[in-house]
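Survey of secondary and tertiary structure
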Amino acid sequence: MASSLTKDSVTPGTPGSDKTFFGHPRGLATLFMTEMWERFSYYGMRALLPLYLVAPGGLHLSAATATAIYSVYVSLVYLLAMPGGWFGDRVWGPRKTVAVAGAVIMLGHLTLALPSSGTFYAGLGLVAIGSGLLKANISTMVGHLYEGPDDARRDGGFTVFYMGINLGAFAAPLVIGTIGENVSWHLGFALAAVGMAIGLAQFLIGSRHLADRSSVVPTPLSDAEKSSTLRKAAIWAGIAVVFYAIVGFSGHYTLNWILVPLTLLGVIIPVMVLVNIKRDRELDRTEQKSMSAYIWFFVAAAVFWMIYDQGGSTLSIFADSSAENSVLGWTFPVSWYQSVNPVLIMALAPVFAWFWLALNRRGKEPSTAVKFASGLVLVGASFFLFLAPLAIADGGHKAAALWLVAIYFVQTVGELLLSPVGLSVTTKMAPAKYASQMMGVWFLAVTAGDATTGLLSIAGVDLNKTGIVALEATLAVLAGLAVWMYRNRVKELMGSVR
């Protein structure tokens, strides 16, 4: 995206110089570029991941194991967003946390670039940790650039920031995917490290334009809390080291000794967090009712992401083995399919925003529950559509690329119905006590959905089989219909929230 830095006066309290970025504080350019390059590295690596895991020149694993690893990895990224936010709030402050996160992500990609299966899994872990640290804090710093929630530029700033995410996600498969598939897998992973290095460098250089409070630790740990936290962390780390040492030296270690606990945590922790909030006696009656309604949205979102995120694993592995990845005789890398969603998001998001405003003026905008239900039905429909290329492949033919593009299109429309609405309703329905934590709770829906996919794969379920695809599609459609049927009850529980 071309820069639009102009000499303008800025509102009092805006950090940095008198330059603006599309009419927004100059610091937004720094955060925009940081997020764009981080997403470039993340989505580039993610596009290569399932293909590398199944490739004869890669780790040559089964499709089920590759899907399990991919799902566990994605679920961890979103699970770690909560402790990432905790570090920003209580230990380092958002700015330092993002800087450390960028360095950890870069180190993770460099580790992935080493030609060893052992270091590969260590690299995945580092990227997941770094992404969790960064994801929870960089959006907070965007908010710091504005004069509180009533600043008229705030929503527009987040929209510009969101474009950075999709620009990075769009470009990454085209560059990293092409190099990784056609030249060297490990060179592709190294390019992801270069992308993060560029993002980190410009963040450090441009950090002078960020708000001063981005460097502040909002609620720092006391000395007693630091000692207690370190002691508990050391105990749990010691238990893990001893346990896995025993398993390893006894000759019983397999990859499932890592995958199974992580997938179970991905399901159990979201449930525990929701139960803990729901049972909090400090919440008043209105907040309790709002949380009851929110649980509906959370479960619906988990089902949605369970299917949606298979666009990077199940669909990608199918395309690698069973699709004709060419258009008009021109063959393209399988990883390029991962650029379809971000380019559709950039094209369709403004259309949806205009459409909702137009309906709202006429008093006809659908309720949050109806939008959620529609998103679920559409993601289910995308997997019903998936049955067609599966049938073609079962008949011994290669499925046309446009089948997969159509699936991604339907999923993207479903995402635009559910994801932005989910982010909005999360901030609106959050109990006052948990206002700063609820965005992390929303990300746990992704964790729960991907962890469920991981558990299915670990159990040996072939997610590229007609029966399981039809079952998942049916589940999503039924979940959407359930939300729609109980929309009035959900609306009642939401109270004044719309």
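We now turn to the structure provided with this report. Since the structure is predicted, the reported quantities are computational estimates derived from the model, not experimental observations.

**Digging into unusual backbone geometry**
The backbone of His-60 shows a phi angle near 55°, a positive value even though the residue is not glycine. Counting through the fold element by element, His-60 comes out in the loop between α1 (27-54) and α2 (63-79). By relative accessible area, His-60 is classed as exposed at 54%. One non-glycine residue, Leu-328, lies in the positive phi region at around 55°. Locating Leu-328 in the fold gives a position in the loop between β5 (326-327) and β6 (330-331). Residue classification places Leu-328 among the exposed positions, given a relative accessible area of 88%.

**Quick look at the packing of helix α13 (residues 368-394) against helix α14 (residues 401-429)**
For any two helices packed against each other, one specifies the crossing angle of their axes together with the interaxial distance. For the pair α13 and α14, interaxial distance at closest approach is 8 Å and the crossing angle is 160°. Between α13 and α14, the angle falls in the class roughly antiparallel. Considering only the axes of α13 and α14, their crossing is left-handed. Here the residues of the contact of α13 with α14 are counted per class, giving 19 nonpolar, 7 polar and 1 charged.

**As for the pattern of salt bridges**
In total, this model carries 3 salt bridges according to the counting rule given. With a closest N to O distance of 3.0 Å, Glu-225 and Arg-90 form a salt bridge. Taken as a pair, Glu-225 in helix α8 (residues 223-249) and Arg-90 in helix α3 (residues 81-90) lie far apart in primary sequence, 135 residues in all. In this structure Glu-225 comes out as partly exposed when scored by relative accessible area, which is 31%. For the salt bridge of Lys-371 with Glu-365, the shortest nitrogen-to-oxygen distance reads 2.6 Å. For Glu-365, a relative accessible area of 30% puts it in the partly exposed group.

**Structural notes on a nonpolar patch on the surface**
A cluster of nonpolar residues, Phe-243, Tyr-253, Trp-257 and Ile-258, forms a patch on the protein surface that exposes about 350 Å² of accessible area. Structurally, Ile-258 is set in helix α9 (residues 256-278).

**Some points on the packing of aromatic side chains**
Going through the model one piece at a time under the given rule, you end up with 27 aromatic pairs. When the centroid spacing of 5.0 Å and the interplanar angle of 45° are considered together, the rings of Phe-87 and Trp-92 count as tilted. Plain terms: the ring middles of Phe-332 and Tyr-337 are 5.3 Å apart, the flat faces sit at 75° to each other, and that makes the pair edge-to-face. By the burial criterion, Phe-332 is buried, and Tyr-337 matches it. One aromatic cluster is present, built from ring pairs that chain together Tyr-52, Phe-120, Tyr-121, Trp-185 and Phe-189. Positioned over the ring face of Phe-443 is Lys-135, at 5.2 Å from the centre of the ring. The ring of Trp-356 is capped by Lys-371, whose NZ or CZ atom sits 4.2 Å from the centre of that ring.

**Observations concerning the packing of helix α12 (residues 340-361) against α14**
Axis separation between α12 and α14 bottoms out at 9 Å; the angle between their running directions is 40°. Taken as axis vectors, α12 and α14 run oblique relative to one another. Along this stretch, α12 crosses α14, giving a crossing that reads as right-handed. Residue-level inspection shows Val-340, Asn-341, Leu-344, Ile-345, Leu-348, Ala-349, Phe-352 and Trp-356 of α12 in contact with α14, the latter providing Val-405, Tyr-408, Phe-409, Thr-412, Val-413, Glu-415, Leu-416 and Leu-417. A class-by-class count of the residues in the contact of α12 with α14 yields 13 nonpolar, 2 polar and 1 charged.

About the criteria used
Residues numbered from 1 in each chain as written. Predicted model: local features only at pLDDT ≥ 70, side-chain atom pairs only at ≥ 80, totals over all residues. Heavy atoms only, no water. Helix = DSSP H or I, 4+ residues; strand = E, 2+ residues; numbered from the N terminus. Buried < 20%, exposed > 50% of the residue type's maximum accessible area, 1.4 Å probe, protein only. Axes fitted to C-alpha atoms, helices over the stretch in contact; angles between N-to-C directions. Parallel < 35°, antiparallel > 145°, perpendicular 65-115°, else oblique. Left-handed = near helix turned anticlockwise from the far one by under 90°. Nonpolar A, V, L, I, M, F, W, Y, C, P; charged D, E, K, R; others polar. Salt bridge = Lys/Arg side-chain N within 4 Å of Asp/Glu carboxyl O. Patch = residues over 30% accessible without salt bridge, like charges linked within 9 Å, V, L, I, M, F, W, Y side chains within 5 Å. Areas by Shrake-Rupley, 256 points an atom, 1.4 Å probe, with all protein chains shown as cover. Phe/Tyr/Trp six-rings, centres within 6.5 Å; stacked < 30°, edge-to-face > 60°. Lys NZ or Arg CZ within 6 Å of the ring centre and 35° of its normal. Contact = heavy atoms within 4.5 Å.

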